[in-house]
Structures are given as structure tokens and as C-alpha cells.
Amino acid sequence: MEREKIDKRVVCSIALVLIFYVGLGTAAVRSGPEGMGEEWATEASVEALETDDGEEIGSAEGASGAAEQETGNAEGVSGEEPAGQAEFGRAEGVSGEDEQEPGGTEAAGQMEPGAAADVSDVEADAPGSAVRETDDDGVAPRVALTFDDGPHPVYTPQLLDGLKERGVKATFFVIGSNIPGREEILKRMDEEGHLIGNHTYDHVRIDTLSVEAACDQLVKTSDLVRAIIGKDTEYIRPPFGAWDKNMECGIPMFPVLWSVDTLDWTTENVREIVNRGIKDTHDGDIILMHDCYASSVEAALQITDLLLEQGYQFVTADQFILE
């Protein structure tokens, strides 16, 4: 009996010891680093979960960002289209350079004869508007100013006055039927150093006539001019640019066409005419105008002033033909 009591006490003691050590181990596991207790295990688990989820979320966001970047790149590629649009705009600008702003034609067409247009009206960035003092070889650029359909009893003398004031020589292609009664104008042209050329007698298309009829148009005009100034009209501006290079009429004939057309006969808008006269003008160009309109005379003198400011030298058309 006594022995059974002892055995029970031993068993209880061992049990208590085991319980004690088990309790210590559990406490050690649950206390965590530096005695943080139960919160450590919970927070560590949550952080681990958040870390794993965060990596997945971050990866997803990274993929989304990459997708957005790809989208941005695609937009960037398509974003090059505005450059094409700019080119298109420039092409439109080129085709619209002669067009006026609403009301521009009417306003400019009402300019008083002799009134100088503001130089700022001329397109500042138009080709040919930059100052050209000399060419690469140091020689001043040259241009020939030519006038068709005269002589006119009013506008041709006005033009001659303006050219004389500026010391500029030009070329006049006269219509034979306009000469009678205006002989003094031809004499003045010659005396002031201008070149007189032939524009047929009746302003007709030479290529639509027989050789005999075409030669009659040219010879008749040349004879009239020679009777006034003692010189044949060696240089011919065929109306509409229509010329038969194989035609022989027994007189000197050098056809002179043009490289810059102001289309001054189509409008009274001085600004339009001036723009066309300078925007594409380069060394060696021959400018086509007419001396039978008030607007043409006004525009011609403004073109002359602008090109002189840019360093151009004015010559008669024969200097280009003979070179």
C-alpha cells in the first residue's frame, strides 16, 4: 500500500516535469524574437502573405505597365502621323500661297493707283523672299522684267517713268496693231535703253496659222518698229508661248518665253501679282507681265523695288538668250 503511494507520487512528479518542459517549449515558440509574443507569429504570417501577394500584384502591375508602355509606343508610332499632316499642311500652303484671306482680293483691288503696298503684305517666307546680295561666285543675281501687249497710251508711259526713276531696263514685246499713234512711246523705250521685241501684229497663236500668215504677223510688226527706231525686232514673244521652231520668215527671230508668270492679266489684286512676281524668282529668271493695266504697272514697280532690295540686277532679255 505504501509502495503504491510512492509510485503514484513518482508518476505525478514525472508528469509535472513533462508538463513544465512542454509549457516552456510552447512559450518559446510563441514568444518569437525578442519576446514579441503571440503577435509575432500572426504579423509574420500576414507579412509573408502580403509579400507573396504583393509580388504577384506587382508583377501584374508591371505587366499592365508594360502593356501601357506598348500602347504608348504604338501611339507614338501613330503619333508620327501629325508630321505627315504637317507635310500635307505645307502642301496645302504651297497650293494656297496665291490665295487671299477673305476680303483680301476686294481690299487690294481697291488700292489707289500709285499707292505703295506694305512690304509686309508680301509672304515673308515665300521662296525668293530672302535677301540675295550676291551669288556664290560673288556676282549679283540677274533677272529680266518683260512686258507684253503694249504700247498703252497711259500705262506704258507711267511704267517707263517708274523704271527710269529706278535705273532699271526692261523688255517690251509690242503688238503691231497698238503702235500707230504711239510711235513716241517706242522711241522713248529705245532711247532709255529698253529692248523692244515682237508680239505679232494681232496677238494671234502662230501655231494655228499657215507659215505665210504667221510670218506676215511677225514681219509686219518688225517693219513698223524698224521704221520708228531703225532696228528690227530680233526677239519674239509668241502669244500663248506657241512657237514653231522650224518657221523661217526672212528676219532675225529669237523666241523668248518666260520662267515666272505673274498672271497679272487675271486680277487687279496688286498683292497677288507682287507675290507671284517674287516668290519663285531666282537668278536668270524672266518675269512675264503686261504694261496695259494700272494694277500691273503698280505691281511691277513694287516687284522691282523688292528685288532691288534683295540685290538683284535687272537686264534685258537678250542677255539671257545670247549667253
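Visitor: In this structure, what is going on with the overall build of the protein chain? I would like to understand it.
Guide: In terms of helices and strands, the protein chain carries 10 helices and eight strands. For the protein chain, buried positions account for 35% of its 323 residues. The contacts of the protein chain with a sequence gap of at least 6 include a subset with a gap of at least 24, amounting to 75%. Of the roughly 18500 Å² of accessible surface on the protein chain, a fraction of 53% belongs to carbon and sulfur atoms.

Visitor: Where do I start with the packing of aromatic side chains in this structure?
Guide: To describe a pair of aromatic rings, one takes the distance between the centres and the angle between the planes. With the rule as written, the count across this model stands at two aromatic pairs. With a centroid separation of 5.4 Å and 25 degrees between ring planes, the pair formed by phenylalanine 147 and phenylalanine 172 is classed as stacked. Of this pair, phenylalanine 147 sits in strand S1 (residues 142–150) while phenylalanine 172 sits in strand S2 (residues 171–174), placing them 25 residues apart in sequence. Using a relative accessible area of 0% as the deciding quantity, one classes phenylalanine 147 as buried. Judged by its relative accessible area of 0%, phenylalanine 172 falls in the buried class. Over the face of the ring belonging to tyrosine 201 we find lysine 220, whose NZ or CZ atom lies 4.2 Å from the ring centre.

Visitor: Got a minute to help me understand unusual backbone geometry in this structure?
Guide: Peptide bonds are trans in most cases, and residues, glycine excluded, mostly fall at negative phi. A cis amide bond, omega 0 degrees, links glycine 150 with the succeeding residue proline 151. One non-glycine residue, phenylalanine 240, adopts positive backbone phi at about 65 degrees. You can see phenylalanine 240 is positioned in the loop between strand S4 (235–236) and strand S5 (254–255). By relative accessible area, which is 54% here, phenylalanine 240 ends up exposed. For leucine 263, which is not a glycine, the phi torsion comes out positive at approximately 50 degrees.

Rules of the game
For every chain, the first residue of its written sequence is number 1, and the numbers climb from 1 along that sequence. Two thresholds apply to this predicted model, a pLDDT of at least 70 for residue-level local features and 80 or more for giving and counting side-chain atom pairs, whereas whole-chain, interface and lining totals are computed over all residues. Where side-chain values are given, they derive from all heavy atoms of the structure, hydrogens and water being excluded. Helical segments are the DSSP runs of H or I of at least four residues, strand segments are the runs of E of at least two, and each set is numbered from the N terminus. The buried label goes to any residue with under 20% of its type's maximum accessible area, the exposed label to any with over 50%, and the partly exposed label to all in between, with areas taken from a 1.4 Å probe on protein chains only. Contacts are assigned to residue pairs with any non-hydrogen atoms lying within 4.5 Å of each other. To be clear on the numbers: accessible area is Shrake-Rupley with a 1.4 Å probe, and residue cover counts the displayed protein chains and nothing else. Two aromatic rings from Phe, Tyr or Trp, using only the six-membered ring of Trp, form a pair when their centres are within 6.5 Å; if the ring planes differ by under 30 degrees the pair is stacked, by over 60 it is edge-to-face, and anything between is tilted. In this analysis the charged atom, NZ for Lys or CZ for Arg, is taken to sit over a ring once it is within 6 Å of the ring centre and within 35 degrees of the ring normal.

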